[in-house]
Amino acid sequence: VSWPTFTPQCRKDVDRVLRSGRLTAYKANGKRLEPETWSQAYALEREMEKAFKVKHAVACSSGTAALHASLGAALAKRRAGATEVITSPYTFSATASAILLAGLEPRFADVDPHTFCITKETVKPHVTKKTAAILHVNLFGYFPDLSGLVSLGLPVIEDSCQAVGASRGGSYAGTVGVAGTYSFNGSKNIPAGEGGCLVTNSDKVAEKARLLVNHGENFGSTQVGLNYRMHEVVACIARHGLKSLEERNQRRRDLAYACFEALTGVGFWDTQITTWTMAGPNVYYVAPFKVLKNRSRFISRCAKRGLPIQASYTTPLHHLKAFRKYTARELPVVDELHKKTLCLLTTLTPDRSLSYARKAAGIIRESLEEKKRMPGLYEPWY
Ligand SMILES: Cc1ncc(COP(=O)(O)O)c(C=O)c1O
């Protein structure tokens, strides 16, 4: 088993791109800010727009680049003194790094214990005159209802790097706010090694983003930009990833359902999270669950039986030296998830069989119910 996998047609098309010798989609010092119309990057952008029902897609070199460009483009014009962006501390560092690199400051809000995302209620206490925007993170593949956040009246940008293809009521993750971002790195739902994309329904934000992504200043604009352009081989792989995205996302859902269904009612199982996990619009970049006590012992029991379980996600950003000073308040929910309860099943990738998912559930069940040698862990669920 090895993820990601690439089809023979993808390999052929990558070879064709290599043989063409045209590995960049952009003309040096050309007038055009978009990829050339013959390019893979151009085709990917149009295909993303169609797939996610959004007006503009801008191919980027990474999800981080897309985040940096989206903040720069969406917040270019903002109230004087509005310098802060409220975001989640339970995210990859790139979310907060991009805020700082855009000349703004992150403010960390606590998360909801069931969606692991910031909400209207957790964000509200942090809103001040200095707030420029909210950078919401669709974590682990889950796309929550964002209407509460949107109702706060601030620009909402979506870090959807982990939720590519998740949809709710006909809208795709990343397309609800003023701009959204996707990552195509590593084992993401469209895995192309590296790469990313920015999406927006605003002509102005798209235009500004293109300046930021492709050396805007070369073309007579006052806007400075960087090289955040997508490589043609990456675009070719990402196009294939997009083609099979829905099928692969469905596979991730089927695997998570098979595993979680087999665990319904198990001792110490947090049934609330199970129910949420199965009901929500989710593309299961990873499958989260909670164990209420003795997490490290539970994880070592799973490991002994051959199932790797990750304790928590990355260290919450408000505990990292680079970001510590941007936290004004206690964040008890995220701290509890991180220190005590949250577990991640990261191996339910689309190349796995349903029997693997059921076997994983069996190991989780055994590890939770091994009561004799783990006094205090087991509590009857009936
Ligand atoms: C939530 C989140 N934001 C941003 C990124 C950055 O994406 P990339 O690695 O493509 O730069 C990632 C990727 O790991 C992520 O998970």
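Everything discussed here concerns the structure shown above.
The model shown is predicted, which means the values in this text are computed figures rather than measured ones. Numbering of residues starts from 1 in each chain and follows the order in which that chain's sequence is written. Confidence filtering applies because this is a predicted model: local features only for residues at pLDDT of at least 70, side-chain atom pairs given and counted only at 80 or more, and all residues used for totals across whole chains, interfaces and linings. The basis for every side-chain value is the complete set of heavy atoms in the structure, and neither hydrogens nor water enter the calculation.

## Considerations on the overall build of the chain
We apply this condition: By the criteria applied, helices consist of DSSP H or I runs no shorter than four residues and strands consist of E runs no shorter than two, each listed in order from the N terminus. Any two residues whose heavy atoms approach within 4.5 Å are treated as being in contact. Computed with a 1.4 Å probe, the accessible areas rest on the Shrake-Rupley method; for each residue, only the protein chains presented here act as cover.
The secondary structure content of the chain amounts to 13 helices and twelve strands. By its C-alpha atoms, the chain is 75 × 55 × 35 Å across when sized along the principal axes. Across the chain, every contact between residues at least 6 apart in sequence was considered, and the portion connecting residues at least 24 apart equals 67%. As presented, the chain carries roughly 16,600 Å² of accessible surface, and 53% of it is formed by carbon and sulfur atoms.

## Things to note about the site of the ligand
Selection rule: The criterion for a residue being near a molecule or strand is simple. One of its heavy atoms has to lie within 4 Å of it. Two N or O atoms count as a polar contact when they lie within 3.5 Å, although within protein this holds only if one can serve as hydrogen donor and the other as acceptor, and sequence-adjacent residues are included solely when both atoms are side-chain atoms.
Around the ligand, 16 residues are found, and the nearest of them are G63, T64, D159, S183 and N185. Between an oxygen atom of the ligand and a side-chain N or O atom of S183, the distance comes to 2.7 Å. In the complex, the protein chains occlude 93% of the 390 Å² of accessible area that the ligand would expose alone. Those elements that place two or more of their residues in the shell around the ligand are α3 (63-74) and α4 (93-101). Here the element with the most residues in the shell around the ligand is α3; it accounts for three residues.

## Concerning the environment of P144
With respect to the helices and strands, P144 occurs in the loop between β4 (131-137) and α6 (147-150). Linking P144 and P155, residues eleven residues apart in sequence, is a C-alpha distance of 17 Å. Sequence-distant contacts of P144, defined by excluding residues within four places in its chain, comprise C117, H136, N138 and R168.

## Some thoughts on the sheet that holds strand β11 (residues 310-311)
Each strand in a sheet pairs with its neighbour through backbone hydrogen bonds, running either in the same direction (parallel) or in the opposite one (antiparallel). Let me state the cut-off plainly: Only when DSSP finds a minimum of two bridges between them are two strands counted as paired. To get an axis, fit a line to the C-alpha atoms, keeping to the stretch in contact for a helix; angles then go from 0 to 180 degrees between the N-to-C directions.
Spatially, three strands are ordered β10-β12-β11 in an open sheet, and the strand pairing comes out antiparallel. Strands at the two margins of the open sheet, each flanked by one partner only, are β10 (287-290) and β11. In this sheet, strand β12 (residues 342-345) lies alongside β11 in antiparallel orientation, the contact comprising two bridges. Of the residues in β12, the one forming a bridge with A311 is C343. Relative to β12, helix α12 (residues 332-341) is tilted by about 65°, and along the sheet it contacts β10 and β12.

## Describing the sheet that holds strand β5 (residues 156-159)
Spatial ordering of the open sheet is given by β1-β9-β8-β5-β4-β2-β3, a layout of seven strands whose pairing is mixed. A single partner strand is all that each edge strand has here, and the edge strands are β1 (56-60) and β3 (105-108). For this sheet, the mean angle separating the axes of adjacent strands, direction not counted, is 25°. Direction of pairing for strand β2 (residues 84-87) relative to β4: parallel, over a ladder of four bridges. The residue of β4 that forms the bridge with V85 is A133. Across the sheet, helix α2 (residues 40-51) is in contact with β1, β8 (179-183) and β9 (196-200); its angle to β1 comes to roughly 140°. Here α3 sits on the sheet in contact with β1, β2, β4, β5, β8 and β9, set at roughly 170° to β8.

## Some points on unusual backbone geometry
Backbone geometry follows two general trends: most residues other than glycine have a negative phi, and most peptide bonds adopt the trans configuration. The phi torsion at F116 lies on the positive side, around 65°, for a residue other than glycine. Summarising the element assignment, F116 is placed in the loop between β3 and α5 (120-123). For Y284, which is not glycine, the phi dihedral falls at a positive 45°. The topology assignment puts Y284 in the loop between α10 (271-279) and β10.

## Things to note about the pattern of salt bridges
Spelled out, the test is: Within this document, salt bridges are pairs made up of a side-chain nitrogen of Lys or Arg and a carboxyl oxygen of Asp or Glu, the two lying within 4 Å of each other. Relative accessibility thresholds used throughout: buried, under 20% of the residue-type maximum; exposed, over 50%; partly exposed, between the two (1.4 Å probe, protein chains only).
Evaluated as defined, the whole model comprises twelve salt bridges. Across the pair E49 and R46 runs a salt bridge, and its minimum N-O distance is 2.8 Å. Of the two residues, E49 and R46 both sit in helix α2, three residues apart, roughly one turn of that helix. The residue E246 makes a salt bridge to R253 at a minimum N-O spacing of 3.2 Å. Under the relative-accessibility criterion, E246 is labelled partly exposed at 44%. Taken together, the shared-partner salt bridges in this structure form one network comprising E45, R46, E49 and R210.

## A few points about helix α7 (residues 203-213)
Along α7, the residues that are buried comprise V205, A206, A209, R210, L211, L212 and V213. Buried residues belonging to α7 abut α2, β1, α3, β8 and β9.

## Focus on the packing of aromatic side chains
To be explicit about the condition: Aromatic contacts are taken between Phe, Tyr and Trp rings whose centres are within 6.5 Å, Trp giving its six-membered ring; a plane angle under 30 degrees counts as stacked, one over 60 as edge-to-face, and the others as tilted. Two limits define a charge over a ring: the Lys NZ or Arg CZ must be within 6 Å of the ring centre, and within 35 degrees of the ring normal.
Summed over the entire model, instances satisfying the criterion amount to nine aromatic pairs. Each ring, one from Y90 and one from Y313, has its centre 5.8 Å from the other, and the planes form 85°; the classification is edge-to-face. Separated by 223 residues along the polypeptide, Y90 in the loop between β2 and α4 and Y313 in the loop between β11 and α12 bring together distant segments of the chain. This pair shows no difference in class: Y90 is buried, exactly as Y313 is. Taking the centre distance of 6.5 Å and the plane angle of 85° together, the rings of F108 and F323 count as edge-to-face. You can see F108 sitting in strand β3 and its partner F323 sitting in the loop between β11 and α12, a full 215 residues away along the chain. Just as F108 is buried, F323 falls in that class too. Grouping aromatic residues by their ring pairs yields a cluster made of Y90, F116, F140 and Y313. The ring of W38 has R22 sitting right over it, with the charged end atom 3.8 Å from the ring centre. The residue whose ring lies beneath R352 is Y356, and the NZ or CZ to ring-centre distance is 4.1 Å.

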